[in-house]
Amino acid sequence: FYMDLLQEAIQEIRGEQKVSIKNIEIQAPFSAFIPNTYISDHALRLKYYKRLSNSNEHPRLEEIISEINDAFGMIPRELEALFSILRARIYFQPLGARLVKVSGNQIQLFFNQEILNHNSQLRDKMLGHFMNKPKLYKLNPDSSVFCFFKEQVSHQMLLEFAKHIAPQIGVC
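Owing to the predicted nature of the structure, the values given are computational and were not obtained by experimental measurement.

(A) Looking closely at the pattern of salt bridges. Counted according to the given criterion, the structure contains 6 salt bridges. Measuring nitrogen to oxygen at the nearest pair gives 2.3 Å for the salt bridge that ties Glu-63 to Arg-60. Within this pair, Glu-63 and its partner Arg-60 are both found in helix H3 (residues 58–72), separated by 3 residues, close to a single helical turn. Under the relative-accessibility criterion, Glu-63 is labelled partly exposed at 47%. In this structure, Lys-163 engages Glu-160 in a salt bridge whose closest nitrogen and oxygen atoms are separated by 3.5 Å. Of this pair, Lys-163 and Glu-160 both sit in helix H7 (residues 155–169), 3 residues apart, which is roughly one turn of the helix. Here the salt bridges share partners, and the residues they tie into one network are Glu-62, Glu-80 and Arg-87.

Structure follows, in structure tokens:
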């Protein structure tokens, strides 16, 4: 926690604007959990849920995923879906997104209006990216964006989408 505060202070002194929403809600129709049959010990399963949910950087998340794989073997599809959601969440953090909804063949992104109002660089990149592709994206007055796909969105597609848009609209 102290290191996060120190890093933010250094960025502020340098004039850098950092955006990071750690608790992004992702609503998706696919099953994403640690099956009881994979980790049968309830307390251990809860421990891994907590560690996974607290992972806000890709190297740390990948370290935990590797640890789980080493300890319990082949990853079931529900857990792979959970990993995809957690990876996507990390990509969405610097974008000012507060909610991501997956439904059928679309993903809807809800951006934090306060962050967009205070970070013109992020707001301009977000607007520019989504407004330049009206066949793929529909930008709404409430700072939400509908993203349309040709097929039903899977957990892998969600992750690929997050990987794709993060460098396009994120402020580094």
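Having seen the model, we can carry on.
(B) Structural context of the nonpolar core. Ranked by size, the top nonpolar core spans 28 residues in total, and within it Phe-92, Ile-107, Leu-109, Phe-111, Phe-130, Leu-158 and Ile-165 carry the most contacts. Elements supplying a minimum of two residues to this core: helix H4 (77–92), strand E2 (97–103), strand E3 (106–111), helix H6 (120–131), strand E5 (144–148) and H7. In contact with Ile-165, other than residues within four places in its own chain, are Phe-92, Leu-95, Leu-109, His-129, Phe-130, Tyr-137 and Gly-170. Judged by nonpolar contacts, the second largest core, of 15 residues, contains Ile-39, Ile-65, Leu-79 and Phe-83.

(C) Expanded view of the environment of Phe-161. Take Phe-161: it is sitting in helix H7. Its relative accessible area of 6% is what places Phe-161 among the buried residues. Note: C-alpha distance between Phe-161 and Cys-147 (14 residues apart in sequence) is 9.5 Å. Residues within four places of Phe-161 in sequence aside, it is in contact with Phe-92, Ile-107, Leu-109, Tyr-137, Cys-147 and Phe-149.

(D) Representation of the pairing of E5 in the model. The pairing of E3 with E5 spans 5 bridges and is classified as antiparallel. Paired with Ile-107 across the strands is Cys-147, a residue of E5. Where strand E4 (residues 137–139) lies against E5, 3 bridges are found, and the strand directions are antiparallel. Within E5, the residue paired with Tyr-137 across the bridge is Cys-147. The turn linking E4 back onto E5 is made up of 4 residues, and Ser-143 within it adopts a positive phi angle of 65°.

(E) Highlighting the packing of helix H2 (residues 42–53) against H4. Between H2 and H4, the least distance of the axes is 11 Å, while the angle of their chain directions is 25°. Regarding the angle of H2 to H4, the classification is roughly parallel. Here H2 contributes Tyr-49, Leu-52 and Ser-53 to the contact with H4, which in turn contributes Leu-82, Phe-83, Leu-86 and Arg-89. Among the residues making up the contact of H2 with H4, the classes are represented as 5 nonpolar, 1 polar and 1 charged.

Calculation criteria
- Residues numbered from 1 in each chain as written.
- Predicted model: local features only at pLDDT ≥ 70, side-chain atom pairs only at ≥ 80, totals over all residues.
- Heavy atoms only, no water.
- Salt bridge = Lys/Arg side-chain N within 4 Å of Asp/Glu carboxyl O.
- Helix = DSSP H or I, 4+ residues; strand = E, 2+ residues; numbered from the N terminus.
- Buried < 20%, exposed > 50% of the residue type's maximum accessible area, 1.4 Å probe, protein only.
- Core = buried A, V, L, I, M, F, W, Y, C linked by side-chain atoms within 4.5 Å.
- Contact = heavy atoms within 4.5 Å.
- Pairing = 2+ DSSP bridges.
- Axes fitted to C-alpha atoms, helices over the stretch in contact; angles between N-to-C directions.
- Parallel < 35°, antiparallel > 145°, perpendicular 65-115°, else oblique.
- Nonpolar A, V, L, I, M, F, W, Y, C, P; charged D, E, K, R; others polar.

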